[in-house]
Structure formats: C-alpha cells, structure tokens
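Given next are the chains, with one letter for each unit.
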Amino acid sequence: MDEKEKSGRFHRQQEVSSAEEKSKSGTVYDDVFRTMIDKMPHLVIPLINEVFGKQYPDSEPVTALQNEHLEIMEGKVITDSYLKIADKYYHVECQSSPDGTMAIRMIEYDFLIALKHAEKSGYEYTIDYPHSCVLYLRYTDRTPDFLVVHMKFPDGAVVDYRTPIIKVNRYDFEDIFLKKLLFFLPYYIMRYEAVLKEIEEDEEKLRDFLEEYQCIYQKLNALRDCHQLSDYDFTELKQLIETIVNHLAYGKERIQKGVRDMGGKVLEFEHDILMRESEARGVQKGERIGESRGVKIGEARRLVKNVESVMRTLGLSLEKACEAMETTVGEYTNAKHLILEKETFDE
C-alpha cells in the first residue's frame, strides 16, 4: 500500500467507532494497555522519553504504583498507569475513542497524585504535579494536540492545565522501531480498522498487510537476537498483538491466521505453566499452602512480583531470577499458589 492510500484510509477509519464499545466501562484496548504496564513497564521508558523529552536509559527501573496507593475520589480510582521513574511521577492513560470528559478526568487524577506526595514546610504545602499524557488510539483531524483546562483562581490568576495527546497511529512502522516505541505495536492494526473487510477479501491487499506484520516480527526477532528484547517480552507482545487483531478482525479468518502464523509458536514460561496447572487443579478448602507455612499474602505478592520483574527485565530463567532475589523456586511456587488460592476464595 502506498503512503497516500494508507493516510486516506487511516483518516476515514477515525470516524468508525462502536456504540457497544463506548457503552463499556473497559475495553480490550484498556486490558492490553494495563497488561503492558503491569507485565512490561520498562516498555514505557521510550514513550516517556518521546513525550517529555527525557533521556532515561532502557534499563531505568520503573515502578508501577497500583490503585491501593491512592485514595478514592468520588468513586473513581486511578488505573495502573501511575508510575515512578527515578524521582519523578508519571500518569499515562489510554483512550480508544475521544470523549468530552478526559480533560477533567486527567486533572482530577493528577491532582490526586500531587496531593499524595504533598510536602509540608511550616504552615505551607508544595504539591508537585506528575507528568501526564493520554494515548489516543482513534482521532480525527479535529482532535487537538493537548487537553486544556483553564483554571481561574480567586486572585484573578489564570493557569492553563495542558495534557499532551499522543496520537498513536501517527507513528508508522519506521518511527516505532527507530524510537523503540514497542508499546504501540499491539495497536498497529487500528490504522486499518475501516478497511479490514477489503483486506480480508482482496489477495493483493491481504498480502501487503501481512508483509507489514512479517516485518514487525522480523524486527522483534532481531531485537531478541541481540538481547535488546527478552523472550518473555517477545511472547507477551505477540499475544497482545493477536488479542487486538482478533478483536478488530473478528470473523476475518485469513487476517487472524495470517498474523498468527507470522509470529510463530508462542513460548510458554515456567511461571505461566505453574499458574495454569494450579487453576486447572483447583484449590480445596483447608489446603492453603501459604497459610500452613505461615506466609502472608502481602509477602507472597511481593516475592512473586520481584522475581517476575527480574525475569522480564533481565531475561532470566525462573531459577536464575530466584537466585538473584535470594529465594528458591519452591518458595516462589508456594507464594504463587497462595496468591491463586486467595483469588479463588475471593471469587
């Protein structure tokens, strides 16, 4: 497909939206976003560098601060897009379709974060707002580059609170890999949303479309071969890419199968096997392994989170990650079982 054709189709698809999707409190796009933040938070580093002009190295630790770190405000809780990198706080949200409330929601959430870290000096307080932005997966020519709230204070001062809008599909294939914006790859298919039916039914268009995905996977494989991308990250990205492809191209078997075949066989990691087997086996009351060993749920979650973070970040096996964290595979396994048991009982 030539660039002119791509551009025209891309802008036409911006008008396409699903009434059903708008009625849901969450979508597959939100789920994919939160999965990346939770499982691969390091992928957000290039995004932060791009949006805010930072120069964090790829290895800079990223702490994803969960919902429990914030108070509830009018029934709203910030999502897992509240991050700490070095000594700065960041807030990133994802919007599948523009709406009229995002500007107010962002300033509410950002104010909540700022209050959480307020500093007191005598009778005075200083609040430091986080760096924040919104990823727009769909947009039109009328979509601005910033969300703006005009704040008028009693003394007459007026301050504009501006939140950058990142229009994800303005970044083409070359931009994504040049700037290491792998965070955008699961959403890549959305640039073709309005023409997927044509692609499914036209041999030439299908071939061109699948060649793009072949290039994507070739690039990812190259990053993996030179150890810039772990096996874990490759596998997670492939699964998330396919999740959105299957959602948008529902019923279009040639597109779904083509993208799936381009990515090759999905790897399965030891901790994934452990979770699947535990869920399949089920847990009977009175068999709480963790409790019988005196392990608390909070400690179990910290252990699992730390071990899996080391596995993802350094590309280590489960055994090596446990060794690095000065624990054992058995302790990790027990902690994982305890977490799964608690989730089962909570349900």
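Now for a look at the structure at hand.

Cut-off values and rules
Sequence order as written defines residue numbering, which begins from 1 separately in each chain. Local features in a predicted model are, by the rule used here, given only for residues with pLDDT of at least 70; side-chain atom pairs are given and counted only at 80 or more, and totals for whole chains, interfaces and linings are based on all residues. Remark: hydrogens and water are excluded; side-chain values derive from all non-hydrogen atoms of the structure. A strand pair is defined by DSSP finding two or more bridges across the two strands. A run of H or I in DSSP counts as a helix once it spans at least four residues, and a run of E counts as a strand once it spans at least two, with each numbered from the N terminus. Note on geometry: axes are lines fitted to C-alpha atoms, helical ones only across the stretch in contact, with angles between N-to-C directions running from 0 to 180 degrees. Throughout, a contact is declared for two residues whenever any of their heavy atoms are within 4.5 Å. Only protein chains enter the area calculation, which uses a 1.4 Å probe; residues under 20% of their type maximum are buried, those over 50% are exposed, and those in between are partly exposed. Throughout, the arc means the angular range of directions from the helix axis out to the C-beta atoms. We call two directions roughly parallel when the angle between them is under 35 degrees, roughly antiparallel when it is over 145, roughly perpendicular when it lies between 65 and 115, and oblique otherwise. Under the scheme applied here, ten amino acids are nonpolar (Ala, Val, Leu, Ile, Met, Phe, Trp, Tyr, Cys and Pro), four are charged (Asp, Glu, Lys and Arg), and all others, including Gly, are polar. Just to be clear on terms, a salt bridge is a Lys or Arg side-chain nitrogen sitting within 4 Å of an Asp or Glu carboxyl oxygen.

As for the sheet that holds strand β3 (residues 88-95)
Item 1. Read across the open sheet, the six strands follow the order β1-β2-β3-β6-β8-β7; overall the sheet is mixed. If you trace the sheet from one side to the other, it starts and ends with β1 (62-65) and β7 (146-152), each paired once. Ignoring which end each strand starts from, the neighbouring axes of this sheet average 25 degrees apart.
Item 2. With three bridges connecting them, strand β6 (residues 131-136) and strand β8 (residues 158-167) associate as parallel partners. Among the inter-strand pairings, Val134 is bridged to a residue of β8, identified as Ile165.
Item 3. Along the sheet, helix α5 (residues 102-116) contacts β2 (82-85), β3, β6, β7 and β8; its crossing angle with β3, the most-contacted strand, is approximately 155 degrees.

Details of helix α10 (residues 253-263)
Item 1. For α10, the set of buried residues is Ile255, Gln256, Gly258, Val259 and Gly263. Across the axial projection of α10, the buried residues extend over an arc of 165 degrees, all falling on one side.
Item 2. Buried residues along α10 sit against α7 (196-201), α8 (203-225) and α9 (231-248).
Item 3. Positive phi shows up at Gly264, right after α10, with a value of about 80 degrees.

Describing the packing of helix α3 (residues 28-39) against α9
Item 1. Following both chains from N to C, one finds α3 and α9 inclined at 175 degrees, their axes separated by 10 Å at the closest point. Taken together, the axis directions place α3 and α9 in an arrangement best described as roughly antiparallel. The residues of α9 that touch α3, namely those facing Val28, Tyr29, Val32, Thr35, Met36 and Lys39, are Tyr232, Glu236, Leu237, Leu240, Thr243, Ile244, His247 and Leu248.
Item 2. Here the residues of the contact of α3 with α9 are counted per class, giving nine nonpolar, three polar and two charged.

Topic: the pattern of salt bridges
Item 1. A complete count under the given rule lists 12 salt bridges for this structure.
Item 2. For Lys197, the salt bridge is made with Glu201, and the minimal N-O distance between the two is 2.9 Å. Within this pair, Lys197 and its partner Glu201 are both found in helix α7, separated by four residues, close to a single helical turn.
Item 3. Classification of Lys197 as exposed rests on a relative accessible area of 54%.

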